[in-house]
Amino acid sequence: MSGGIRFDSVTVAYDGNVVLDALDLTVAPGEVLALLGPSGSGKTTALRAVAGFVRPVAGRVFLGDRDVTDLPPYRRGIGMVVQQYALFPHMRVEENVAFGLKARKVAKSGIRGRVAEALEMTGMAAYAPRYPRELSGGQQQRVAIARALAIQPDVLLLDEPLSALDAQLRSGMLAELARLHRELPDVSILYVTHDQVEALTLADRIAVMDKARLRACGTPRELYRTPVNEFTASFVGNANLLPVTVSSGGVSFGGVELKTETAGAAVGARATLCVRPHLVGLGEGPNRLSGTVGEIQWRGATHRLYVDVDGHRVMADVPELRNPPAHGDAVTLHFAPEDAVLLTAGVTHD
Amino acid sequence: MLVHSRKAKWAVWTVFFLFFLPLFALPLLVVLGASFATNWSSVLPSGFTTGHYSAATRGEALQALTTSLVTALAASLLALVTGTWAALAAAALKKPYRTVLDALFMLPVAVPSVVVGLAILVAFSQPPFLLNGTRWIVIVAHTVLVTAFAHQSVSAAIVRLDPAYEQAAASLGARPSYVLWRVRIPLLLPSLTAAAGLCFALSMGELSATMMLYPPDWTPLPVLIYAATDRGALFAGSAIAVVLMAATLLVLLAVSRLRTKASYR
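Residues numbered from 1 in each chain as written. Chains lettered and ligands numbered in written order. Predicted model: local features only at pLDDT ≥ 70, side-chain atom pairs only at ≥ 80, totals over all residues.

Going by an unreviewed UniProt entry, chain B carries the name Phosphonate ABC transporter permease and comes from Streptomyces spinoverrucosus. Comment text from UniProt for chain B, heading Sequence similarities (unreviewed entry), reads "Belongs to the binding-protein-dependent transport system permease family." (UniProt positions renumbered as here; feature names shortened; annotations may be inferred.)

The name an unreviewed UniProt entry gives chain A is ABC-type quaternary amine transporter, with Streptomyces spinoverrucosus as the organism.

Shown next as structure tokens:
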């Protein structure tokens, strides 16, 4: 087996300041793993530890079954694409793409074909003789990807690759990256991003990072449907997080009894109930919440209601309403017991 | 322009004409005027002649011009290589060592050039490094004096160089030496040529250290100008000064053309 990445309790610190705390994580060959987290969460540090630009103070980094912790970056054989692309401005597109092959002393006869192939794959073949400065941001991005792919790496590191693009280009490039991954099914991709949409769209699994630690790891569906803690719930998709107390057969939220699966949580324990806004409906139903409309936003196909329930703001995304309620109107919300997730770990309220 | 109101623009132009022109342009014009004259006793020079120029472009003066050009070229190339090397090495060092190395290279700027000249004279007048009396002592002195400027301007450029380029190159499998020659040096090229131009111009005009060191068969142009004016031949000296100015300008112009070709962004 040659592909894949494994972090074995990797810790990185600068001047005693821990920026990555004992990360254990495995990216399988051919898997797309998104490292998702806010800035300063340690996700970029984790990527740089794989690339070899930071040295862990403890732990080992493996590429396949090769321990690369002590190898310099140029001996790791990794493709990398960074936020600002870092295309060499003094080289034409084709020279940029050929750079890695020349540096590795690939035979001249082989270089031309591989450059053409990489440019073809990213749709940049027509731009081969241009200089980077003559290209748009999206085109530079494609060249950067072609340059990384030309060396035929087992592992591709993408560091916020789309954050310098505008929203429309970004969704196009997302589809493009997904297509590239289908064409290269054996390449492991480590994708660092702070954008949950990119992570949910592209990743086979998402690793959620916060404050130098791994908070959760799972498939996008798992993290979205059944988040294991408040941070994951609020960072992967929107979430209503209601402070509740576990009661028999459900939870109590400010005196209101709500039915939900409690999975053996002790009665009387503090917990957080997570309900996705689009699973909250307007009107009567099971698990009723009554409150007054604080704010209402029209979003085309939906209305977003912010409802004050017992001092807590509850979000509800409902299909566009003919006669939407106004600010201050009393409304009733409901949600199905099976749509709520009870979080008992890392509860922040008391 | 940074000023927008009509009044402010006028004020800026007035300041320019009052201070810049008399201070910077006028002395050069005077030298140019004097170089064509045999006499300057009233407001304007008189007795138009091109005789000074025919003297300034042959014989001893021509020899001195070649001497100056060769010295400046050798000194600026040597300074560029050592300065760049030192700047690259310093950039790879940790903070306290880097500061020490940078300070070391700044030393010849802080020390008056007369002192540098004297130091080199004393140091290289005895075996095993007996350079006194040869052209090499002049070239060495100029190199020492201008390396500081090369080092400083290249250091500044290295700091501005985005580390993402090196890292991208390294991740693509390029060894540090390959990264240096194919990525870093080409990206630094505009700064390198600018530094070379600066060194060349400084060396062309160097007098105070040169005075103490030059052997009879290696007289640079500034020494000749000084000697001419010292014996009262002001107009002949002016002509040589104009030749020096023109030669330096021409080379700088050529270097700057090289620079525009090499700048990518």
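Visitor: Could you clarify how one ought to interpret the overall build of chain B in this entry?
Guide: Looking only at helices and strands, chain B has 11 helices and zero strands in total. Seen through its C-alpha atoms, chain B measures out along the principal axes to roughly 70 × 65 × 30 Å. Per-residue burial over chain B gives 34% buried out of 265 residues. Of the contacts formed within chain B by residues at least 6 apart in sequence, a portion of 71% connects residues at least 24 apart. (Helix = DSSP H or I, 4+ residues; strand = E, 2+ residues; numbered from the N terminus. Buried ≥ 20, exposed ≤ 12 C-beta atoms within 10 Å, placed from the backbone. Contact = placed C-beta atoms within 7 Å.)

Visitor: Would you take a moment to explain the interface of chain A and chain B for this structure?
Guide: Reports often express the size of an interface as the amount of accessible area lost when the parts come together. In this assembly, 20 residues from chain A lie in contact with 18 residues from chain B. Of all the secondary-structure elements, those providing two or more residues to the side of chain A that touches chain B are β6 (78–81) and α2 (93–103) of chain A. In terms of residue class, the side of chain A that touches chain B is built from 13 nonpolar, four polar and three charged. (Nonpolar A, V, L, I, M, F, W, Y, C, P; charged D, E, K, R; others polar.)

Visitor: Could you clarify how one ought to interpret the nonpolar core in this entry?
Guide: For soluble globular proteins, the rule of thumb is that nonpolar side chains tend to be buried together. Counting residues in hydrophobic clusters, the biggest one holds 135 residues, and the most contacted among them are A:L35, A:L190, A:Y191, B:C199 and B:I240. Residues contacting A:L35, with those up to four places away along its chain left out, are A:K43, A:A46, A:L47, A:L190, A:Y191, A:V192, A:A207 and A:M209. Ranked by size, the runner-up nonpolar core spans 24 residues in total, among them A:A239, A:L242, A:V251 and A:L343. (Core = buried A, V, L, I, M, F, W, Y, C linked by C-beta atoms within 7 Å.)

Visitor: Help me understand the UniProt feature "domain: ABC transmembrane type-1" (unreviewed entry) in chain B in this model?
Guide: In this numbering, the UniProt entry assigns the feature "domain: ABC transmembrane type-1" (unreviewed entry) to residues 65–255 of chain B. Within residues 65–255 of chain B, the helical portion is 83% and the strand portion 0%, while the C-alpha atoms at the span's ends are 19 Å from each other.

Visitor: Is there a simple way to explain the pairing of strand β7 (residues 155–159) of chain A in this structure?
Guide: All names here are of chain A. The element β7 is largely enclosed, with a buried count of five among its five residues. What you see with β7 is no split at all: V155, L157 and D159 on one side and L156 and L158 on the other are buried throughout. With four bridges joining them, β6 and β7 adopt parallel strand pairing. Looking at the pairing, V81 lines up with L158 of β7. As paired elements, β7 and strand β8 (residues 188–193) share five bridges and run parallel to each other. Along β8, the bridge assignment pairs L158 with Y191. (Pairing = 2+ DSSP bridges.)

Visitor: Would you mind showing me how to read the sheet that holds strand β17 (residues 302–309) of chain A here?
Guide: Whenever strands of a sheet pair, they do so through backbone hydrogen bonds, lying parallel or antiparallel. All names here are of chain A. With respect to topology, five strands assemble into an open sheet ordered β15-β19-β16-β17-β18, the strand pairing being antiparallel. Strands at the two margins of the open sheet, each flanked by one partner only, are β15 (281–282) and β18 (312–319). Relative to strand β19 (residues 330–334), β15 is paired through two bridges, and the arrangement is antiparallel. When the bridges of β19 are listed, G281 appears paired with H334.

Visitor: Any chance you could explain the UniProt feature "domain: ABC transporter" (unreviewed entry) in chain A here in plain terms?
Guide: Summarizing the sequence annotation, UniProt attributes the feature "domain: ABC transporter" (unreviewed entry) to residues 5–236 of chain A in the numbering used throughout. Between the C-alpha atoms that bound residues 5–236 of chain A the distance is 23 Å, and the span itself is 36% helix and 26% strand.

Visitor: It is not clear to me how the UniProt feature "transmembrane region" (unreviewed entry) in chain B should be interpreted in this structure. Could you clarify?
Guide: Residues and elements named next belong to chain B. Taken from the UniProt record, the annotation "transmembrane region" (unreviewed entry) applies to residues 12–37, 69–91, 103–124, 136–159, 187–214 and 234–255. In the segment residues 136–159, helix accounts for 100% and strand for 0%; the C-alpha atoms at its two ends are 34 Å apart. Secondary structure over residues 187–214 splits into 89% helix and 0% strand, and the C-alpha atoms at its two ends are 38 Å apart.

Visitor: What should I look at first to understand the domain arrangement of chain A in this one?
Guide: Residue and element names in this part refer to chain A. Domains assigned within chain A are domain 1 (5–230) and domain 2 (238–343). In this structure, domain 1 and domain 2 have C-alpha centres spaced 39 Å apart. Facing the four residues of domain 1 at the interface are five residues of domain 2. (Domains from an automatic or database assignment.)

Visitor: Looking at this structure, I do not really get the domain arrangement of chain B. What am I missing?
Guide: All names here are of chain B. Its domain assignment divides chain B into domain 1 (1–49) and domain 2 (60–262). Computed from C-alpha coordinates alone, the two centres of domain 1 and domain 2 are separated by 31 Å. Contacts between the two partners involve six residues from domain 1 and, on the opposite side, six residues from domain 2. Residue composition of the side of domain 1 that touches domain 2, by class: four nonpolar, two polar and no charged.

Visitor: Help me out: how do you make sense of the sheet that holds β7(A) in this one?
Guide: Residue and element names in this part refer to chain A. Overall, mixed pairing links the six strands, which are arranged β6-β7-β8-β3-β9-β10 in an open sheet. On the outer flanks of this sheet lie β6 and β10 (213–218), each paired with one strand and no other. The mean inter-strand angle of the sheet, taken between neighbouring strand axes irrespective of direction, is 15°. Pairing geometry for strand β9 (residues 205–210) and β10, over five bridges, is antiparallel. For M209, the partnering residue across the bridge sits in β10 and is L214. (Axes fitted to C-alpha atoms, helices over the stretch in contact; angles between N-to-C directions.)

Visitor: Can you walk me through the environment of A:G311 in this structure?
Guide: With respect to the helices and strands, the residue A:G311 is situated in the loop between β17 and β18. The class for A:G311 is exposed, based on 7 C-beta atoms found within 10 Å.

Visitor: Is there a simple way to think about helix α7 (residues 163–171) of chain B in this case?
Guide: Side chains of residues three or four places apart in an α-helix project in the same direction, reflecting 3.6 residues per turn. Turning to α7(B), its buried residues are B:Y165, B:E166, B:A168, B:A169, B:A170 and B:S171. Buried residues belonging to α7(B) abut α1 (43–51), β6 and α2 of chain A together with α8 (176–205) of chain B. At the exit of α7(B) stands B:G173, carrying a positive phi of roughly 105°.

Visitor: I keep staring at the packing of α2(A) against helix α3 (residues 108–121) of chain A and nothing clicks. Help me out?
Guide: In a packed pair of helices, the relevant descriptors are the angle between the two axes and the axis-to-axis distance. Residue and element names in this part refer to chain A. Between α2 and α3, whose axes approach to 9 Å, the crossing angle comes to 125°. Classed by the angle they form, the pair α2 and α3 counts as oblique. Of the two possible hands of crossing, α2 and α3 adopt the one that is right-handed. Only I111, R114, V115, A118 and L119 of α3 make contact with α2, whose side of the interface consists of E94, V97, A98, L101 and K102. (Parallel < 35°, antiparallel > 145°, perpendicular 65-115°, else oblique. Left-handed = near helix turned anticlockwise from the far one by under 90°.)

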